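Coordinate analysis (summary)
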Amino acid sequence: MTGFDNEMMKRCIQLANNGLGSTYPNPMVGSVITCKEKIIGEGWHKKAGEPHAEVNAINSVKNKELLTKSSIYVSLEPCSHFGKTPPCSDLIIKHKIPKVIIGTTDPFAKVCGNGIKKLKDAGCEVIVGILEKECQELNKRFFTFHQKKRPYIFLKWAETRDGFIAPETKNEIAPKWITNSYSKQFVHKMRSQEQAILVGTNTVLHDNPKLNTRDWFGQNPLRTIIDRNLKTPRNFSVWDDTQPTLFLSEKTENQLFTNTCFEKIDFSENLPQQVCDLLFKRNIQSLIVEGGRTILQQFIEANLWDEAFVFVGNVSFESGLKSPDFQGKTLQEVKEFEEDKLFIYRNL
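Residues numbered from 1 in each chain as written. Predicted model: local features only at pLDDT ≥ 70, side-chain atom pairs only at ≥ 80, totals over all residues. Heavy atoms only, no water.

All right, on to the state of the cysteines then. The full count for this structure, using the stated rule, is zero disulfides. With no disulfide of its own, Cys35 lies 15 Å from the sulfur of Cys124, the closest cysteine sulfur. Given a relative accessible area of 9%, Cys35 falls into the buried group. Considering cysteine sulfurs only, Cys88 is the nearest to Cys124, which forms no disulfide, with 13 Å between them. Residue Cys124 is classed as buried on the basis of its relative accessible area of 11%. (Disulfide = S-S within 2.5 Å. Buried < 20%, exposed > 50% of the residue type's maximum accessible area, 1.4 Å probe, protein only.)

Structural data, given as structure tokens:
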């Protein structure tokens, strides 16, 4: 491993991040091709069903004759199976690229070392583990999904300076007014990057949220609503059928919808685990749990969370509904949006 190898893998990670929110269910992958320590090609995976990073990097090389004396860097092990696209390991072998430098192995069962083996069997020099932790962090959603059989879970809430997420009584001050428009835009950006968003009945009844990305460009997440008796009024936004919506309830609905569906769950059992199991079956790799407090606390107590995004606004309620209580966390980062602060925690 050299400093140059590290720099090239950092570039792979940088390229891969361009695909955040658009590659599901595939991982984000970046690739760089060098010849005599000079970059001659780059690429990243842009969308599921479209060419992978290695394909885009190889296609970007103007003089293909250089490939036979080049090195290809890739943040994740090249695939070895036929999916929606042909195996990238076969393409590397076809172009006789002699050296392959890989950030981390792929946890997906159909790859998981098979791509590396295929490359070695074809005579390629293969180096694995360059910036391995950073490459795994890049695809924390993908790795969690395949290794823990559940989505990567973000907890998210806004609280006042004095630690309340809602006023004691409903009045002109609504919970959404705790933070400013810049924080709100960041939340919508976050929604565009994750696959699903979860709220409980009380949050829907109090706020009538749309749970979409109207303040940011990108895909709307799967609205996941825990509504035991389907008591949310039908004129509320979550029933508008404009984006994928999943109701988790003891009941089902006979009305036909285009984008809205229903799943029965047992409210006497572990609710967070049932949510995780259902979303895993639906191939959902990431989930934002937005609340309310009861839902958030249930996920915390079940230890089913990975990161917590806690916005603290420059307001006080003096009394009201306290913010969730959680331990076993590490502060990773603090962001500021004018007077608002965002504290990002990681589960230990």
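And the narrative resumes.
What follows covers the environment of Thr23. Locating Thr23 in the fold gives a position in the loop between α1 (3–16) and β1 (30–35). The spacing of Thr23 and Ala48 is 25 residues in sequence and 4.9 Å in space, taken between C-alpha atoms. The contacts of Thr23, once residues within four sequence positions are left out, are Met28, His45, Lys46, Lys47 and Ala48. (Helix = DSSP H or I, 4+ residues; strand = E, 2+ residues; numbered from the N terminus. Contact = heavy atoms within 4.5 Å.)

Turning to the side chain of Gln285, a few remarks are in order. Summarising the element assignment, Gln285 is placed in the loop between α9 (271–281) and β12 (286–291). Here the side chain of Gln285 touches Pro25 through a polar contact of 2.6 Å, landing on its backbone oxygen. Aside from chain neighbours lying at most four places away, what touches Gln285 is Tyr24, Pro25, Arg141, Phe142, Phe145, Pro151, Tyr152 and Gln195. (Polar contact = N/O pair within 3.5 Å; in protein donor to acceptor, adjacent residues only side chain to side chain.)

For the rest of this paragraph, the subject is the packing of aromatic side chains. A complete count under the given rule lists 16 aromatic pairs for this structure. Ring geometry for Trp157 and Phe326: centres 5.4 Å apart, planes at 75 degrees, overall edge-to-face. Here Trp157 is found in strand β6 (residues 152–159), whereas its partner Phe326 is found in the loop between β14 (321–322) and β15 (329–337), with 169 residues between them in sequence. Taken as a pair, Trp157 and Phe326 share a single burial class, namely buried. Between Trp305 and Phe326 the ring centres are 5.4 Å apart and the planes differ by 65 degrees, which places this aromatic pair in the edge-to-face class. (Phe/Tyr/Trp six-rings, centres within 6.5 Å; stacked < 30°, edge-to-face > 60°.)

Glancing now at the sheet that holds strand β4 (residues 99–104). In space, the five strands of this open sheet follow the order β2-β1-β3-β4-β5, with mixed pairing throughout. Edge strands, defined here as strands with exactly one partner in the open sheet, are β2 (38–44) and β5 (125–128). On average, each strand axis in the sheet is inclined to that of its neighbour by 15 degrees, with strand direction left out of account. Bridging between strand β3 (residues 71–76) and β4 involves five bridges; their strand directions are parallel. Paired with Leu76 across the two strands is Thr104, which belongs to β4. Across the sheet, α1 is in contact with β1, β2, β3 and β4; its angle to β1 comes to roughly 140 degrees. Contacting β1, β2 and β3, helix α2 (residues 53–60) runs over the sheet at an angle of about 140 degrees to β2. (Pairing = 2+ DSSP bridges. Axes fitted to C-alpha atoms, helices over the stretch in contact; angles between N-to-C directions.)

Another aspect to go through is the side chain of Ser89. Examined against the element boundaries, Ser89 turns out to sit in helix α3 (residues 88–94). Residue class for Ser89 comes out buried when judged on its relative accessible area of 0%. Within the structure, Ser89 has its side chain in polar contact with the backbone oxygen of Cys79 (distance 2.9 Å). Sequence-distant contacts of Ser89, that is, excluding residues within four places in its chain, are made with Pro78, Cys79, Ser80, Gly115, Lys118 and Leu119.

This brings us to the pairing of β15. Alignment of β15 against strand β16 (residues 340–347), held across eight bridges, turns out to be antiparallel. When the bridges of β16 are listed, Leu331 appears paired with Tyr345. Counting the residues that bridge the hairpin from β15 to β16 gives two residues, and of these Glu338 lies at a positive phi of roughly 55 degrees.

To continue, consider the pattern of salt bridges. Inspection of the entire model under this criterion finds 17 salt bridges. With a closest N to O distance of 2.8 Å, Asp306 and Arg150 form a salt bridge. With Asp306 in the loop between α10 (293–301) and β13 (307–312) and Arg150 in the loop between α6 (140–148) and β6, this pair connects stretches of sequence that are 156 residues apart. Judged on exposure class, the residue Asp306 and its partner Arg150 are both buried. In this structure, Glu263 and Arg282 form a salt bridge, with 3.2 Å as the shortest nitrogen-oxygen distance. Taken together, the positions of Glu263 in strand β11 (residues 260–264) and Arg282 in the loop between α9 and β12 put the pair 19 residues apart, joining distant regions of the chain. A relative accessible area of 33% places Arg282 in the partly exposed class. Look at the salt bridges and you will find they share partners, linking Glu137, Lys140, Glu307 and Arg346 into a network. (Salt bridge = Lys/Arg side-chain N within 4 Å of Asp/Glu carboxyl O.)

Moving on to empty space enclosed by the protein. Per the stated rule, a full pass over the model turns up one cavity of 30 Å³ or more. In this structure, the largest cavity occupies an estimated 70 Å³ of space. As for the largest cavity, its lining consists of 13 residues, and the residues nearest its centre are Thr23, Tyr24, Met28, Asn139 and Arg141. Its residues assigned to classes, the lining of the largest cavity shows six nonpolar, six polar and one charged. (1 Å grid on protein atoms, 1.4 Å probe; cavity = no way out; pocket = protein on both sides within 12 Å on 5 of 7 lines; lining within 4 Å. Points joined across faces, edges and corners; volume = space filled by probe spheres on them. Nonpolar A, V, L, I, M, F, W, Y, C, P; charged D, E, K, R; others polar.)

Moving on to the nonpolar core. If you look at the biggest cluster of nonpolar residues, it comprises 31 residues, and the most contacted ones within it are Ile153, Leu155, Leu287, Val289 and Phe299. Elements that contribute at least two residues to this core include exactly β6, β8 (196–200), β9 (222–226), β10 (245–249), α9, β12, α10 and β13. When residues in this core are grouped by element, the largest group, five residues, is from α9. In this view, Leu287 contacts Pro151, Tyr152, Ile153, Phe154, Ala196, Ile197, Leu198, Val275, Leu279 and Phe299; residues no more than four positions away in its chain are not counted. Counting 26 residues, the second largest nonpolar core, distinct from the first, contains Ile225, Phe247, Ile288 and Phe311. (Core = buried A, V, L, I, M, F, W, Y, C linked by side-chain atoms within 4.5 Å.)

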